Structure formats: structure tokens, C-alpha cells
Amino acid sequence: MRPDFTKIDWKPVTAWKAAHKEQERIFAEQAAMKSFYTQEDLEGLEHLNYAAGIPPYLRGPDSTMYVTRPWTIRQHSEFSTVEEANAFFRRNLAAGHRRLSVAFDLATQLGYDSNQECVMNEVGKAGAAIDSILDMKALFHRIPLEQVSVSMAMSSAALPIMALYIVAAEEQGVRPEHLRGTIQNDILKEFVARNTYIYPPAESMRIVGDIFHYCAEKMPSFNCIGVSGYDMHEAGATADLELAYTLADGIEYLRTGVNAGFEVDAFASRIVFCWGVGMNHFVEIAKMRAARLLWAKIVKSFGARNPDSLALRAHSQTSGWSLAAQDPFNNIVRTCAEALAAVFGGTQSLHTNAYNEAFAPPTASSARIARNTQIYLLEETGIRHFIDPWAGSYYVERLTHDLMRAAWGLIEEVEKLGGMVRAIETGLPRMRIEEAAARRQAAIDSRRDLIVGVNAYPAPEESEIPAPANDRGAVREAQVKRLEKLKRERDAAAVRRALASLEQCAKTGEGNLLECAVEAARKLATVGEISQSLENVWGRYEAAVRTIAGVYSVVIADDEAFRTAQRMVKEFEREEGRQPRILMAKMGLDGHDRGIRVIAAAFADIGFDVDIGPLFQSPHEVARLAAGNDVHVVGVSDLAAELNILAPQLIDELRALGREDILVVVGGAIPPQDYDFLFDAGVAGIYGPGTALPIAAQKILEMLSASIVC
């Protein structure tokens with residue numbers, strides 16, 4: 001089914017499209033803003049007469065909003081072990097919370113077991129390791145699953161995680177129909193932004209459809225998908241791009257459900273959304289208002305008759321990208337401003353990031369400050385007593401209107417390509433987001449955009465912020481022992497039969513994948529085994545590596561540091577007979593690649609010969625690629641604070657290949673206490689968040705020239 005979007009009762013957007021090509025997006029920068037707004041700016045706007053609690057829900061999904069039901073405070077459990085996460089959950093339950101949010105480690109997210117060689121350094125990173133039913137039972141030990149709502153941040157390995165969750169509930173005596181919560185299950189955003197994917201897009205959508213089907217039949221109170229714009233926001237998407245591509249993903253999921261044989265009213269009300277909230281305060285407010293109206297229009301075009309189906313249910317998370325490593329206590333204020341925008345925009349639940357997350361996982365203290373930020377807004381400010389308090393503002397209403405139009409033009413572009421799956425295959429959404437990220441970085445590097453403590457108002461001295469210690473070796477050892485125990489005690493033949501049935505289901509298209517995965521989980525199959533069964537049929541997806549050029553330089557061309565770096569490149573080329581060549585690399589399982597792609601775009605515009613390596617590489621693979629491409633420098637980025645392990649391994653691998661002449665520089669989330677260790681290990685340069693890229697390029701060129709002279 002493909003709804004006819006041209007029949008939606010809006011005026012043509014042709015005039016907007018022409019103007020959109022000629023000016024920078026107002027949603028990225030403030031350049032297109034007027035100096036003041038008046039009643040005239042509201043003339044002709046179509047959305048002004050809508051009320052909260054009534055379709056299309058622009059002013060809020062509930063008629064009384066926070067007056068009678070405040071937003072839900074959600075904080076993720078980013079603990080490395082299920083025991084720590086379980087203790088955290090039980091403390092929250094004792095305090096009266098009934099909604100739990102689970103974060104999984106990177107190995108689990110990519111469908112690996114903790115004993116697999118490729119995840120040696122990844123176990124317990126960014127969340128808890130879940131390998132089998134033993135881990136899932138320990139995660140929810142003494143937690144009555146029929147009494148709580150569980151949100152699980154999982155897309156790529158949603159199938160085995162859902163299966164283990166269902167079986168863990170069964171062992172508590174809780175039937176699937178009594179389970180409440182949300183599985184993220186948003187695989188499309190992985191291909192657009194976050195890169196934590198396993199299978200190709202079309203095959204991944206088969207999993208989404210089968211989870212829809214299972215939940216509709218057996219789990220009527222469970223939300224079968226959480227569509228995430230947050231990762232697009234973090235990858236660099238402007239508000240119009242985040243809004244458009246997130247809703248375009250939603251359209252694809254609606255289409256998947258309808259094609260599976262369901263009426264849209266049977267499942268639309270159980271689709272939820274997650275938005276990223278950044279520092280462009282009023283635009284973020286307008287974004288969430290616009291999203292509700294657009295979604296109502298979209299769902300109605302699929303034939304929905306139940307008003308509840310039209311209501312967009314939203315969770316929000318404050319930006320991680322906006323957190324600065326320099327003068328990090330400023331991040332407390334940033335998070336508060338972003339949380340305020342989310343509340344003014346009408347979010348129904350909210351996660352606030354901790355101030356130290358630019359370089360380390362949250363500590364108990366920083367997580368408490370993040371949570372209390374919401375409590376201050378809820379209990380001390382009085383803002384919960386007003387419904388859509390910015391309604392009627394000339395500026396906010398005009399922003400809402402313009403943002404709806406901008407997003408709609410982008411949605412139409414996706415639909416003309418054949419929908420979001422096809423658009424992802426063309427690379428268009430990723431390219432648009434990467435261009436936006438490069439423009440934003442150029443604006444910061446040239447000081448057109450000011451970041452307090454980074455490129456303006458620097459602190460007189462650096463703050464020492466403790467990073468939590470975490471012995472992931474011990475975490476992995478415990479997981480491996482648990483896996484060994486499981487495999488000794490289970491019926492191996494029964495496991496093989498269950499996995500064979502799952503593989504056959506994937507191969508023939510007959511049956512339901514989640515049904516088969518649940519049966520495999522009952523037989524004590526692991527996450528890695530269930531994932532491998534599908535990989536045997538579909539393979540593991542590898543995205544094409546593309547680079548963009550010319551975007552960064554358009555914004556920063558007149559900057560003196562940028563021009564100096566370009567001159568230094570030309571001098572190097574004259575002396576050496578070729579351009580300085582750099583390989584941008586990601587090691588381990590951290591799929592966030594905004595950093596290396598923005599740096600690649602900037603360095604290419606400066607004049608470097610830039611290579612970008614594939615994601616999820618080992619130090620050995622990166623070293624071989626660097627030597628084979630005869631690069632001068634390897635630049636490694638990581639957002640999981642693991643460079644103290646990976647960078648020394650890379651240096652050793654280069655030395656083993658006889659290429660110790662290749663410099664290794666690093667950037668990303670690096671705890672300050674790791675700097676001396678990395679320098680001692682042979683790292684040539686460390687460039688943390690907030691480093692101006694032309695300055696980094698100059699320093700690298702100086703090191704290259706010095707090493708060549710020597």
C-alpha cells in the first residue's frame with residue numbers, strides 16, 4: 001500500500017523548494033531569522049486553531065498535558081553487568097518508578113556472544129552484556145515483569161532480545177499479553193545514522209514485520225517499535241532532516257504493518273518516537289509540535305479511523321553531541337536548556353544526559369545531577385501547569401509552520417525514490433546528514449557558532465572530572481563462564497533443531513521469525529547463535545564507504561587557520577611530491593562515525609588525500625589497510641573511551657609490519673587521565689571534542705614534516 005500524499009489538504013510546497021535551495025536552513029543556523037516577528041507572520045498559517053488532546057495533536061497528545069500527568073523521567077541503565085543494572089532497577093522500583101530502560105553493550109547490539117574473539121574489548125561497553133536466558137533472568141531478578149514497563153534500546157538484535165525477554169517472563173509465570181514496554185526495533189535509522197546493523201535493509205525489515213505480527217497477536221500492550229530521530233540528530237541532522245527522515249522511517253514501518261495484513265488502527269497507536277534535543281531552543285520546541293501534526297496527517301492517509309492512532313507518542317533525550325569535554329560543568333546548563341525545550345515541546349518522557357559523557361560513562365554523581373535536572377523543572381518551576389506555553393508566539397508558530405513545510409518537502413523526495421528503504425540504498429539521507437554535520441563543524445571552527453568553553457570564553461584552568469573505573473576483562477570473564485555453564489547443561493541437539501527451524505524460516509519466508517526465535521530461546525540458544533542463524537542466510541551487511549567534499553570549505557573558506565593549513569599542505573606536496581595522505585579509521589564496535597566523516601570532509605577540503613576505512617575494524621585490519629594504502633597518518637576516532645586499549649594495539653601492528661613511520665593520532669571520547677598513557681604508548685597527537693580541525697591539520701603537518709626531516 002502506498003498512500004497518495006498529494007491528496008493531503010495542504011497547499012503546494014513548490015515555492016518553498018525553490019527558496020530552500022537558495023539559502024541556508026534556518027533550522028541549522030540562525031542566519032535566515034528575521035529581527036522581529038509580528039501578527040503578519042501568522043497570516044495564512046493552517047495550524048493555529050488546533051487544541052491539545054484533539055487530532056492532529058499539535059499542541060499535545062493529551063488535553064490537560066502535564067497538569068494532571070507529568071512527563072516520565074527515564075534514565076538508561078548504562079551498567080556493564082546485569083547484576084548492576086538489576087540493582088539499579090530495584091532501587092528505582094523502591095522509589096516508586098514503574099518504567100525501566102535497558103541499555104545493552106555493543107557486542108549484544110551487533111548480535112555477538114561475549115566469548116567471540118571479535119568482541120574481546122567490547123563486552124560491557126555502553127550497557128549490559130546479554131548472551132542468553134541466564135543473563136536476561138538475572139537482569140530482571142525479583143522484578144515482577146507484569147507490573148513494570150520495560151523499554152529496550154535495541155534494533156539490530158531485536159529478535160533474540162525480544163525472544164529472551166519473552167522467555168524470561170514465562171519463567172516468572174507472566175504471559176506475553178501481560179507484558180508492557182517498548183522495543184526500539186528501528187533498523188532503518190541504523191543505516192542512516194548509527195551503523196549498528198547486522199543484515200541488509202530489506203531482510204532487516206522482514207524482522208520488523210514479524211515482530212509487528214507477533215506483538216499484534218500476543219502482546220497487545222507492548223509497543224512493537226520505537227522510531228528514533230535521536231541518532232540522526234547526533235549524526236549531524238538539522239531539525240528538518242531529523243524530522244523528515246524519522247517520519248519517513250515511520251511511513252515505512254506503517255507500510256510494513258499494513259503489508260503484513262493488519263489494519264493501521266491495530267498497531268499505529270503502539271508506535272513511539274524518540275527525538276534528540278539540542279541547543280537550538282525554539283527550533284526544538286517547534287520540531288516536536290510539527291512532528292505531531294505531520295504524523296497525524298500521515299497515519300490518517302493510511303486509512304486510520306481511531307483518533308488514538310493519530311497521536312504521536314514521544315520520548316526525548318538531550319544531546320550527547322552538544323556536551324563539551326572542555327569546561328564540562330557547562331554541560332549541566334546545556335542539558336537543562338535542552339530538557340526545557342523538550343518539555344515546552346510536549347515530550348511524554350525524557351532522558352537527560354550526564355555532564356561528563358563527552359569523555360566517559362556517567363558516574364553515580366553525574367547521573368544523579370542529570371536526573372535531578374528534570375526534577376527541578378518538574379517540581380520547582382511551575383511550567384507543568386501550562387499547556388503548550390509557547391502557543392501563539394509569532395516566532396514559534398512561524399517556526400512550526402516553516403519546519404512542517406521543510407520536512408514535508410524532504411519526505412516527498414524520499415517517497416519519489418520509492419520509500420525510505422530505497423532512499424537508504426541510494427545513500428541520499430546519509431549524504432544530506434553528513435553535509436549538515438560538515439557545515440556545522442565549519443561554523444564552529446570559524447567561530448561563526450560560539451560554544452562556551454570551547455571556542456569562546458575558555459576556562460582559566462581545566463576541571464578534573466573523575467571517570468568511573470570499569471574492569472571489562474572481569475566482565476567478559478564472568479560472561480564467558482556463564483556461557484560455558486549454559487552450554488554444558490543444555491540439550492545441544494534440541495538447540496540445533498531449533499536453530500535449524502529459524503534458519504529455514506529465514507530462507508523460505510514461511511513462518512514467523514520471532515516465534516522461531518522464542519522457541520530457540522526456550523531451548524537455551526544464545527544471542528550469537530540466533531543471530532548467526534540469520535546471518536547464514538542473509539549475510540552480514542557492509543555499507544559502501546563514501547566521502548563528501550566542498551561542503552566544509554564553503555563555510556570556512558575565509559578563515560585564516562583554514563587558509564594556513566591549505567598553504568602548509570601545498571608546501572608538503574612540493575617537498576614530498578604527493579599530498580599528505582591520512583586514513584580515517586574506526587576500530588571496535590562503536591558505529592558512531594560522525595567524527596571521522598566530518599574530519600574526512602574537512603581534511604579533504606584542506607588538501608589531504610583522505611581514505612575512510614570500513615566500520616568495525618580490528619587494529620590488525622586497520623594497520624594492514626594503512627600500510628597497503630601507504631598513508632602518512634592514521635586518525636582513529638572512538639566514542640566509547642576505549643582508545644587506551646585499541647590505539648596501542650594499532651601501533652604494535654604497524655610496528656610488526658615495519659611501518660612505525662606511520663603516525664597515529666586519536667580523537668573522540670578520551671578520558672583526560674588516559675592522555676599520558678596514550679602518549680607513552682606512541683600516539684603522536686590527541687584531539688578531543690572541540691578541537692578546531694584546521695588547527696589539528698596544522699599540527700599533524702608539522703609532525704609529518706619533522707618526522708620526514710629526521
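Predicted, not measured: the structure shown is a model, and the values here were computed from it.

Q: Can you explain helix α10 (residues 281-301)? Please cite residues and give values.
A: For α10, built from 21 residues, the straight-helix expectation of 30 Å at 1.5 Å per residue is met to within 8% by its first-to-last C-alpha distance of 31 Å. Counting buried positions along α10 gives 17 out of 21 residues, so the element sits mostly inside the fold. Among the residues trailing α10, Gly 303 stands out with phi positive, at a value near 95°.

Q: Outline the sheet that holds strand β12 (residues 633-638), supporting the account with residue identities and numerical values.
A: With parallel pairing, the five strands of this open sheet are ordered in space as β11-β10-β12-β13-β14. Only two strands of the sheet have a single partner each, and these edge strands are β11 (609-612) and β14 (685-687). Strand-to-strand twist across the sheet, computed as the mean angle between neighbouring axes with direction ignored, equals 20°. Pairing of strand β10 (residues 581-585) with β11 involves four bridges; the strand directions are parallel. Residue Arg 581 lies in a different strand from β11, and its bridge partner there is Asp 609. Sheet strands touched by helix α24 (residues 643-656): β12 and β13 (663-668). Its angle to β13, the strand with the most contacts, is close to 165°.

Q: Describe the packing of helix α9 (residues 239-259) against α10, naming the residues involved and giving the relevant values.
A: Close contact between α9 and α10 brings their axes to 10 Å; oriented N to C, the two are set at 25°. Relative to α10, α9 is oriented roughly parallel. Note that α9 runs across α10; the crossing there is right-handed. Residue-level inspection shows Ala 239, Glu 242, Leu 243, Leu 247, Gly 250, Ile 251 and Leu 254 of α9 in contact with α10, the latter providing Val 283, Lys 287, Ala 290, Ala 291, Leu 294, Trp 295, Ile 298 and Val 299. Grouping the constituent residues of the contact of α9 with α10 by class yields 12 nonpolar, one polar and two charged.

Q: Which residues make up the pairing of strand β6 (residues 225-228), and what values go with them?
A: Burial along β6 is two-sided: Ile 225 and Val 227 and Gly 226 and Ser 228, pointing in opposite directions, are all buried. Sheet analysis places β6 next to strand β7 (residues 271-277), joined by four bridges and oriented parallel. The residue of β7 that forms the bridge with Val 227 is Phe 273.

Parameters at a glance
Residues numbered from 1 in each chain as written. Predicted model: local features only at pLDDT ≥ 70, side-chain atom pairs only at ≥ 80, totals over all residues. Heavy atoms only, no water. Helix = DSSP H or I, 4+ residues; strand = E, 2+ residues; numbered from the N terminus. Expected span 1.5 Å × (residues − 1). Buried < 20%, exposed > 50% of the residue type's maximum accessible area, 1.4 Å probe, protein only. Pairing = 2+ DSSP bridges. Axes fitted to C-alpha atoms, helices over the stretch in contact; angles between N-to-C directions. Contact = heavy atoms within 4.5 Å. Parallel < 35°, antiparallel > 145°, perpendicular 65-115°, else oblique. Left-handed = near helix turned anticlockwise from the far one by under 90°. Nonpolar A, V, L, I, M, F, W, Y, C, P; charged D, E, K, R; others polar.

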